[in-house]
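Residue-level structural notes
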Amino acid sequence: MLNFVGLGVYSQTAVIEIGIMSRIKHEDVLGGINTRRRGAQWVNVMCLGIQLAPPTCNRRCHTNIPRPLHNPQSIRTLVTDDRRMTTDRFYGGVTNRLDNLRTCLAYVHTTSPTREELIQWVINNTRASSPEAINHHLAFLDAIDLLHLEDTGCKLAHYGEQWLADQDPSILYAALSEGVKGFDTILQALAEDPRTDTDLMDILVNEFDEAEMTKPGPAIRHREWLQVLGYATREGDTTYLTDAGRDALKHQHTDSYHATHSSPPAVEIGDRLTQADIETIFDTGFGYQISGINPRRDATDNQYLLVFATEDGPYDDAVTQGQFEYIGEGLEGDQSTSSPGNSVLIDAIETDIPVHFFYQATEATGWAYQGLVDVLDWEFETRGGREVLVFTMAHQQADSIDWTTAVREQLKQYCETHTSRRVTLDEIYDFAAADLARAFPDNNNIRTKIHQQLQVLRDQGDIEFLDDAGTYRLTFEIDVEAVETDLQAKLNDEPQLTSDSEEFTEQERRVRDQTFARLVKAAYDNRCAICGQHRETPAGTPEVEAAHIYPKQKNGADDPRNGLALCKLHHWAFDTGWLAVSDDYTLLVAAAPKRDGYHEFKQLEDSQIRQPANEELAPHRLFLQQHRELHDF
């Protein structure tokens, strides 16, 4: 970590390459307004009376310490996340990699071999044979602090010593996640839903600019390490999070505060907290003393504000329950809307920045946590011969639960009335403002309050923010039975070739996909429509899959008549164009006699596919015709 001590500030830029330790913590900055950001992002630090001391970070830290000046200036610190994007395997499969790694580290621990001796040991004790490849894999262990590779003598590094001592998988996970990007991302994704390797690749590509992969190989190596640790398990093509993985994720999330529109865990409104308590709870720091307005960012780069007021303090804030005024920052001269604290408070009026409020009475010790507040408005006023910013704020605990419920109900009514799960901010204002004004007659800022409650609902997963134009998509809990009824109702209408995937949230899409698959497989009694086979795993899971006739990749409709139950082989053959079905349900085979597999599939030609007992669920000609056109039949 970086230590800021003594007196003086710097006007030049300190460029700090922190590597794995990529977050500024509360030891870093003394006083003032400190904006934290994770990764390769600028962090604006306004400091009064600070000095940069040499770093104590033990992993690739470099600082350029400028000379102090007498006049306070701001410091811009560039924090770079230099973790690698790809991981490497070690020798052995998922089941025996840990054993090989353990014996390798034990050998290093007891003998301190030269690099050449270590390479030879790997050749003698694994199936490896290429010194160049072995050196590559050992370099990965060095990169994640399991080994220190030296030509004259290799030693265990920090994580290597710890893990060899007690075999705790969390230690090995820490080494991997602090040395390689993406492990935390994948773990969180698996906690939400099971994923295929292609899913994991897409998640990494979307999350990291440098993840320029077109094949899932790098994502597979991430996934394999999670299997090795017991954090994930594999069934067919799908990876699932294990209980151990959920525990690891839970532990990971308890280590730092995450900015949401709720009070931190174990803290209640009215609790009296010391500065040290607040620094621990919010995973931040204030240095010598707490200032009034403190913009912060959590471990995932989400912004939040900590605002402090004292009864006899410099701002003389008239703080009461409900609505109150708060004077902006700046003790001398005219205050400015561009100062870091004031500008973020202004942003909080229209954005989803959580604002936590603390108050200290004259004779009281510690700070009373008053919970979250809404920033409703601001204006300039002349007070004491200078221009000051006066913010109008309101305590959320007085009515936020009722407000949140009321806005949620208005959104549900809008959804039912307009049969749409999309709504713009202006549309919800027009639809709900009058009703909410009647429900809350004492509130004169109805639109602002609606907007703030939308942020709360977004945190709770009830809505998604779609674009800068203020468009939201409603993601309330989905009624699975209603989805099944909707899909079955399609049987009464002429089929549509495609579905508009934009109509549905990601959650809705998954539920519809799962319901489509269940209906199709049940219609064919879990038997392949081509070969009639019914196979099960040892655990009793049917092998058969629900295939879209007109492909899902082309937004093929989730109409059950666009489905066939097929075994894995014939699903692949149907999707790749080996097989097609005529309007009278006769199998057609591609004319590719020079390709391997042709003679096997040729035996199926002119045979009839099996059809569902319920004729309404039989494949529709529209989909069969389009599939044939797609594959040139």
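Note that this is a predicted model, so its numbers are computed, not measured. (Residues numbered from 1 in each chain as written. Predicted model: local features only at pLDDT ≥ 70, side-chain atom pairs only at ≥ 80, totals over all residues. Heavy atoms only, no water.)

1. Examining helix H17 (residues 568-576)
Residues spaced three or four apart along an α-helix face the same direction, because each turn holds 3.6 residues. Inclusion rule: Think of it in three bands: residues with accessible area under 20% of the maximum for their type are buried, residues over 50% are exposed, and the middle band is partly exposed, with areas taken using a 1.4 Å probe on protein chains only. By the criteria applied, helices consist of DSSP H or I runs no shorter than four residues and strands consist of E runs no shorter than two, each listed in order from the N terminus. By definition, the arc is the one covered by directions from the helix axis to the C-beta atoms. Contacts are residue-level and defined by heavy atoms, with any inter-residue pair within 4.5 Å sufficient.
Looking only at H17, the buried set comprises His570, His571, Ala573 and Phe574. Across the axial projection of H17, the buried residues extend over an arc of 165°, all falling on one side. Tucked into the core, H17 has its buried residues touching strand S22 (545-548), strand S23 (563-566), strand S24 (579-581), helix H18 (598-602) and helix H19 (621-630). Directly beyond the C-terminal end of H17, a positive phi value near 95° is found at glycine 577.

2. Here we look at the sheet that holds strand S19 (residues 422-424)
Convention followed: Think of it this way: DSSP has to see at least two bridges between two strands before they count as a pair. To define axes, lines are fitted to C-alpha atoms, for helices over the stretch in contact only, and angles between the resulting N-to-C directions are given on a 0 to 180 degree scale.
An order of S19-S21-S20 is seen for the three strands of this open sheet, with the pairing classed as antiparallel. In this open sheet, the two edge strands, each paired with only one partner strand, are S19 and strand S20 (463-467). This sheet shows a mean twist of 30° between the axes of neighbouring strands, independent of strand direction. Of the strand pairs in this sheet, S19 and strand S21 (residues 471-474) are connected by three bridges, and their pairing is antiparallel. Of the residues in S21, the one forming a bridge with arginine 422 is arginine 473. Packed onto the sheet, helix H14 (residues 446-459) meets S20 and S21 and runs at close to 110° relative to S20.

3. Points about the nonpolar core
Stated formally: We call a set of buried Ala, Val, Leu, Ile, Met, Phe, Trp, Tyr and Cys residues a nonpolar core when their side-chain atoms join them within 4.5 Å.
Leu101, Leu138, Leu147, Trp225 and Leu226 are the most contacted members of the largest nonpolar core, which has 54 residues in total. When residues of this core are assigned to their parent elements, the largest contribution, six residues, is made by helix H5 (residues 169-179). Residues within four places of leucine 138 in sequence aside, it is in contact with Phe90, Leu118, Ile119, Leu147 and Leu149. In terms of nonpolar packing, the next biggest core, distinct from the first, is built from 40 residues, Leu519, Tyr550, Leu564 and Phe623 among them.

4. Structural notes on the pairing of strand S18 (residues 386-395)
Of all ten residues that make up S18, eight are buried, and the element is covered over most of its length. As paired strands, strand S15 (residues 323-327) and S18 are joined by five bridges and run antiparallel to one another. For phenylalanine 324, the partnering residue across the bridge sits in S18 and is methionine 393. Bridge count for strand S17 (residues 367-383) against S18 is ten bridges, and the pairing is antiparallel. Each bridged residue has a counterpart across the sheet, and for valine 373 the counterpart in S18 is histidine 395. Where S17 folds back on S18, the antiparallel hairpin that results is connected by two residues, among which glycine 384 adopts a positive phi of roughly 60°.

5. Thoughts on the state of the cysteines
So the rule is basically this: In this description, a disulfide is simply a cysteine sulfur pair whose atoms lie within 2.5 Å.
Taken as a whole and assessed by the stated rule, the structure comprises zero disulfides. Cysteine 154 takes part in no disulfide bond, and the closest cysteine sulfur to it belongs to cysteine 104, at a distance of 9.1 Å.

6. Overview of the sheet that holds strand S11 (residues 238-241)
Taking strand neighbours across the sheet as the criterion, the three strands line up as S9-S11-S10 in an open arrangement whose pairing is antiparallel. Here the strands that pair on one side only, and so sit at the sheet edges, are strand S9 (195-196) and strand S10 (232-235). For S9 and S11, the ladder comprises two bridges, and the chain directions are antiparallel. By the bridge assignment for S11, arginine 195 is matched with threonine 239.

7. Some points on the confidence of the model for the chain
How we decide: Each residue gets a pLDDT score, which is the predictor's confidence in that residue and runs from 0 to 100.
With 79% of its residues at a pLDDT of 70 or more, the chain has an overall mean of 78. Within the chain, strand S1 (residues 9-10) has the poorest average pLDDT of any element, 28, and S24 the best, 97. Below a pLDDT of 50 lies the segment residues 1-80, which in the model reaches 206 contacts outside its immediate sequence neighbourhood of four places, other chains included.

8. A few points about the packing of helix H1 (residues 97-111) against helix H8 (residues 217-228)
To keep it simple, the criterion reads: With respect to orientation, any angle under 35 degrees is reported as roughly parallel, any angle over 145 as roughly antiparallel, any angle of 65 to 115 as roughly perpendicular, and every other angle as oblique. Ten residue types, Ala, Val, Leu, Ile, Met, Phe, Trp, Tyr, Cys and Pro, are classed as nonpolar, four, Asp, Glu, Lys and Arg, as charged, and the remainder, Gly among them, as polar.
Between H1 and H8, whose axes approach to 9 Å, the crossing angle comes to 80°. Considering their axes alone, H1 and H8 lie roughly perpendicular with respect to each other. Mapping the contact onto sequence places Arg97, Leu98 and Leu101 in H1 and Glu224, Trp225 and Val228 in H8. The class makeup of the residues in the contact of H1 with H8 is four nonpolar, no polar and two charged.

9. Quick word on the pattern of salt bridges
Side chains that carry opposite charge are capable of pairing whenever their charged atoms lie near each other. Defined as follows: Here a salt bridge means any side-chain nitrogen of Lys or Arg lying within 4 Å of a carboxyl oxygen belonging to Asp or Glu.
Taken as a whole, this structure holds 21 salt bridges when the rule is applied. Note that aspartate 558 is salt-bridged to lysine 490, the shortest N-O span being 3.8 Å. One end of the pair, aspartate 558, is in the loop between S22 and S23; the other, lysine 490, is in the loop between helix H15 (480-489) and helix H16 (506-523), and 68 residues separate them in sequence. Linked by salt bridges that have partners in common, Arg89, Arg97 and Glu224 make up one network.

10. Regarding the side chain of aspartate 558
Our working rule: The term polar contact refers here to a pair of N or O atoms within 3.5 Å; inside protein, the definition further demands a hydrogen-donor-capable atom paired with an acceptor-capable atom, and it admits residues adjacent in sequence only when both atoms are side-chain atoms.
A relative accessible area of 1% places aspartate 558 in the buried class. At a separation of 2.9 Å, a polar atom in the side chain of aspartate 558 contacts the side chain of arginine 512. Those residues in contact with aspartate 558, other than ones at most four positions away along the chain, are Leu487, Lys490, Ser499, Arg509, Arg512 and Phe516.

11. A look at the packing of H1 against helix H2 (residues 115-125)
Put simply, the test is: Each crossing is labelled by how the near helix is turned from the far one, with a counterclockwise turn of less than a right angle marking it left-handed and a clockwise turn marking it right-handed.
The geometry of H1 relative to H2 is characterised by a closest axis approach of 11 Å and an angle of 145° between their N-to-C directions. Handedness of the crossing formed by H1 with H2: right-handed. For the pair formed by H1 and H2, the contact residues are Asn100, Thr103, Cys104, Tyr107 and Val108 on the first element and Glu117, Leu118 and Trp121 on the second. Residue classes in the contact of H1 with H2 are distributed as five nonpolar, two polar and one charged.

12. A closer look at the packing of aromatic side chains
Under the convention used in this document: Centres within 6.5 Å make a pair out of two Phe, Tyr or Trp rings, where for Trp the six-membered ring is used; the pair is then stacked when the planes are under 30 degrees apart, edge-to-face when over 60, and tilted otherwise.
Evaluated as defined, the whole model comprises 17 aromatic pairs. Ring geometry for phenylalanine 465 against tyrosine 472: centres 5.7 Å apart, planes inclined by 65°, an arrangement best described as edge-to-face. Of the residues examined, tyrosine 472 reaches a relative accessible area of 4% and is grouped as buried. On the basis of an interplanar angle of 40° and a centroid distance of 5.3 Å, the ring pair of tryptophan 578 and phenylalanine 601 is categorised as tilted. Note that tryptophan 578 is positioned in the loop between H17 and S24 and phenylalanine 601 in helix H18, a separation of 23 residues in sequence. Each member of the pair, tryptophan 578 as well as phenylalanine 601, carries the same accessibility label: buried. Aromatic rings pair up to connect Phe282, Tyr304, Phe308, Phe358, Trp367 and Tyr369 into one cluster.

13. Digging into unusual backbone geometry
Backbone geometry places aspartate 145, a non-glycine residue, at a positive phi of 65°. Among the secondary structure elements, aspartate 145 is positioned in the loop between helix H3 (131-143) and strand S7 (147-148). Phi at tyrosine 585 takes a positive value of approximately 70°, unusual for a residue other than glycine. Residue position: tyrosine 585 is located in the loop between S24 and strand S25 (587-589).

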